[in-house]
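What follows is each chain in one-letter form.
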Amino acid sequence: MLAHGDTKSSVVVERGLQIDLRVVTPGQYGAALMYFTGSKDHNVRMRGIALKRKLLLNEYGLFRVGEEKDGAPIASRTEEEVFAALGMDWIPPELREDRGEIDAAMAHALPDLVEMSDVRGDLHAHTSWTDGRDSVAEMAERARAKGYEYVALTDHSIGLGMTHGLDPARIAARTKEIDAVNRKMAPFRVFIGSETDIRSNGKLDYDDATLGLFEVVTASVHSSFAQPREAQTKRIIGAMEHPRVNAISHPTGCLLEKRDAYDVDLEAVIAAAVRTKTRLEVNGGPERLDLSDVAVRRAMEVGAMLVCNSDAHAIEELDQMEYAVATARRGWATKDRVQNTMPLAALIEHLKGKG
Ligand SMILES: [Zn+2]
Ligand SMILES: [Zn+2]
C-alpha cells in the first residue's frame, strides 16, 4: 500500500504493477475515466483543444473557463458526452496515445477496431505431440467451447530439438489422430498445422513435400537471433516467399523484459507481407505481444494482412487470444485485415493459395 485515503488509494501488486484506485461521483465518472485512460500526450492535446473553445477539461468534467470551481460542467457523466461536447466521436481507450486518433475523431474517421467477438478461430497452438501440455482432442474441445469454428494445431518442426519436433512418422501419426477428432467434432475443424522453423541459413525446416502435408504453416525464427540485420531480414523474407507459408509468427522475436527483438528491417518485412500476401502474426503470449502496436499500425497503413494467435501450449492459454486482439486494436487493426475473423468455409478457400 503506497497511499490510502477516502477517494484515492495506490497499491503495488505482487508482480510489481501499480494500481491507483479513485472514487468519484456518478456525475464525474465519464470525465474521470477519460482522464485516467488517456496517455499524457493524449490528455495534453485534449485539454488544448478544449482551451481553444474556452473550455477547461479536467478529471471532474468539461467546464466553461472560470466556472470550473463552482459551476456545473457542460459534460462529465459519460465519456461519450465529453467527446461530443468537444466535437469528436468517442475514441476507444486503446487509441488514446496522441498518434492521430484525435484528428480522426474530429473528422469522424476513426477505424472500426477488430473485437474478440470477431475472432472465429486460432491458427497457432501446440499439443503434447511437441512442447504443449494437452492433447489434440483437449485443445480442440477447448477451442470449440470458446465459440470458435476452427483451430490449427501447429506443433514444432523437426529442427527444434528441445521441443521434440515432428519427424515424418510422427507427422503421419498426429494427422491420423487429428482426422479422428475431426470426424467426431465436425463441423468444428482442426487444421493440420505446423510451426516450421526458419533455419539460420534461411531454409525452412521441412522440404516442400513435407510442407505439403500441412493445411496451415506458420514460419518462425527460434535460433540464431544475432545475425546481422541484412541477413536476418533476408532470412525472414525468404520464408515469406514460400507459397506454403501462411504467416510469420512472432515476427520480431522479442521477449518482453527479457530479450530484445532481433535486428531486422521491419519495414521491409511488412512490405514483403503485402507483396507475398503472407500474414504477420500478432502473438498473444503475454511475454511476446509481437508484433507490437506500433508495428501493427504500420502494417495497417501499407495494407498488410494480420493473423491474431494465442500460441497456446495448454488449453487455458487459448485465452491469450485476448491479448493478441488487444495489441492489434492498439495498432488500429480492423476486422477485415485479420485472417482468423474469416468464417471456416471462406478460410478453407483462402488457405489454398495466398489469396
Ligand atoms: Zn514460436
Ligand atoms: Zn508457437
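Note that the structure is predicted; figures quoted are calculated from it, not measured.

Conventions we followed
- Residues numbered from 1 in each chain as written.
- Chains lettered and ligands numbered in written order.
- Predicted model: local features only at pLDDT ≥ 70, side-chain atom pairs only at ≥ 80, totals over all residues.
- Heavy atoms only, no water.
- Donors = N, O, S within 2.8 Å, 3.2 Å for Na, K, Ca; no water.
- Helix = DSSP H or I, 4+ residues; strand = E, 2+ residues; numbered from the N terminus.
- Buried < 20%, exposed > 50% of the residue type's maximum accessible area, 1.4 Å probe, protein only.
- Tetrahedral: all angles 85-135°; square planar, octahedral: opposite > 155°, others 65-115°.
- Pairing = 2+ DSSP bridges.
- Right-handed = clockwise from strand over helix to strand, strands pointing away.
- 1 Å grid on protein atoms, 1.4 Å probe; cavity = no way out; pocket = protein on both sides within 12 Å on 5 of 7 lines; lining within 4 Å.
- Points joined across faces, edges and corners; volume = space filled by probe spheres on them.
- Contact = heavy atoms within 4.5 Å.
- Domains from an automatic or database assignment.
- Buried area = accessible area lost by both parts, 1.4 Å probe.
- Salt bridge = Lys/Arg side-chain N within 4 Å of Asp/Glu carboxyl O.
- Polar contact = N/O pair within 3.5 Å; in protein donor to acceptor, adjacent residues only side chain to side chain.
- Core = buried A, V, L, I, M, F, W, Y, C linked by side-chain atoms within 4.5 Å.
- Phe/Tyr/Trp six-rings, centres within 6.5 Å; stacked < 30°, edge-to-face > 60°.
- Lys NZ or Arg CZ within 6 Å of the ring centre and 35° of its normal.

**A short note on the coordination of the zinc ion (ligand 1)**
Part 1 of the argument: Distances from the zinc ion (ligand 1) to its protein donors, namely Glu195 (OE), His222 (NE2) and His250 (NE2), fall within the range 2.1 to 2.2 Å.
Part 2 of the argument: Separation of the zinc ion (ligand 1) from the zinc ion (ligand 2) amounts to 3.5 Å, with Glu195 serving as a shared donor to the pair. Linking His222 in the loop between strand E9 (216-220) and helix H8 (229-241) with His250 in the loop between strand E10 (247-248) and helix H9 (266-276), this pair joins segments that are 28 residues apart in sequence.
Part 3 of the argument: For His222, a relative accessible area of 17% corresponds to the buried category.

**Regarding the coordination of the zinc ion (ligand 2)**
Part 1 of the argument: Taken together, His124 (NE2), His126 (NE2), Glu195 (OE) and Asp311 (OD) make up the protein donors of the zinc ion (ligand 2), found 2.1 to 2.2 Å from the metal.
Part 2 of the argument: Note that the zinc ion (ligand 2) binds four donor atoms; their angles at the metal cover 81 to 168 degrees, and the shape is irregular.
Part 3 of the argument: Coordination of the zinc ion (ligand 2) draws on donor residues from a single chain, spaced H-x1-H-x68-E-x115-D in sequence.

**Topic: the pairing of strand E12 (residues 306-309)**
Part 1 of the argument: Both faces of E12 are covered, namely the face carrying Leu306 and Cys308 and the face carrying Val307 and Asn309.
Part 2 of the argument: In this structure, strand E11 (residues 279-283) lies alongside E12, joined through four bridges in parallel fashion. Among the inter-strand pairings, Glu281 is bridged to a residue of E12, identified as Val307.
Part 3 of the argument: Regarding topology, helix H10 (residues 293-302) serves as the crossover connection from E11 to the parallel E12, and that connection is right-handed.

**Focus on empty space enclosed by the protein**
Part 1 of the argument: A full pass over the atoms with the stated rule returns one cavity of 30 Å³ or more.
Part 2 of the argument: Lining the largest cavity are Ala31, Met34, Tyr35, His42, Asn43, Met46, Arg47, Leu57 and Asn58.
Part 3 of the argument: Elements that contribute at least two residues to the lining of the largest cavity include exactly helix H1 (29-37), helix H2 (40-52) and strand E4 (55-58).
Part 4 of the argument: Among the elements that line the lining of the largest cavity, the one with the most residues is H2, at four residues.

**What to know about the side chain of Ser194**
Part 1 of the argument: Among the structural elements, Ser194 can be located in strand E8 (residues 189-197).
Part 2 of the argument: The buried category is assigned to Ser194, whose relative accessible area is 1%.
Part 3 of the argument: Apart from the residues within four sequence positions on either side, Ser194 is in contact with Leu153, Thr154, Asp155, Tyr206, Phe214, Val216, Val217 and Thr218.

**Observations concerning the domain arrangement of the chain**
Part 1 of the argument: Per the domain assignment, the segments of the chain are domain 1 (3-106) and domain 2 (116-352).
Part 2 of the argument: The gap between the C-alpha centroids of domain 1 and domain 2 is 38 Å.
Part 3 of the argument: Across the contact, eight residues belong to domain 1 and six residues belong to domain 2.
Part 4 of the argument: In terms of surface lost to domain 2, no three residues of domain 1 exceed Glu94, Leu95 and Arg99, which account for 79% of the buried area on that side.
Part 5 of the argument: Arg99 is the partner of Asp293 in a salt bridge, and the nearest nitrogen-oxygen pair spans 3.5 Å.
Part 6 of the argument: If you look at where domain 1 meets domain 2, you find four residue pairs in polar contact (both at pLDDT 80 or more).

**Focus: the nonpolar core**
Part 1 of the argument: The biggest cluster of nonpolar side chains holds 58 residues, and the ones touching the most others in it are Met240, Ile248, Leu280 and Leu306.
Part 2 of the argument: Excluding anything up to four places from it in sequence, Leu306 contacts Arg279, Leu280, Val282, Leu291, Val296, Ala299, Met300, Ala333, Arg337, Val338 and Gln339.
Part 3 of the argument: The next biggest cluster of nonpolar side chains, apart from the first, holds 20 residues, and it includes Met34, Leu62, Val82 and Trp332.

**Digging into the sheet that holds strand E3 (residues 18-22)**
Part 1 of the argument: If you trace the three strands from one edge of the open sheet to the other, you get E1-E2-E3, paired in antiparallel fashion. For this open sheet the edge positions go to strand E1 (3-4) and E3, each flanked by a neighbour on one side alone.
Part 2 of the argument: Pairing of E1 with strand E2 (residues 8-12) involves two bridges; the strand directions are antiparallel. When the bridges of E2 are listed, His4 appears paired with Ser9.

**A word on the side chain of Asn246**
Part 1 of the argument: Along the polypeptide, Asn246 turns up in the loop between H8 and E10.
Part 2 of the argument: Side chain to side chain, Asn246 and Gln339 meet in a polar contact 2.9 Å long.
Part 3 of the argument: Those residues in contact with Asn246 that lie beyond four places of it in its chain are Leu123, Val216, Val217, Thr278, Arg279, Gln339 and Leu351.

**Brief notes about the packing of aromatic side chains**
Part 1 of the argument: Tallied over the entire structure, the rule returns four aromatic pairs.
Part 2 of the argument: Consider the rings of Phe225 and Tyr262, whose centres lie 6.2 Å apart with planes at 15 degrees: the pair is stacked. Here Phe225 is found in the loop between E9 and H8, whereas its partner Tyr262 is found in the loop between E10 and H9, with 37 residues between them in sequence.
Part 3 of the argument: Note that Arg259 overlies the ring of Phe225, its terminal NZ or CZ placed 3.9 Å from the centroid.
Part 4 of the argument: Over the aromatic face of Trp332 sits the side chain of Arg297, whose NZ or CZ is 3.7 Å from the ring centroid.

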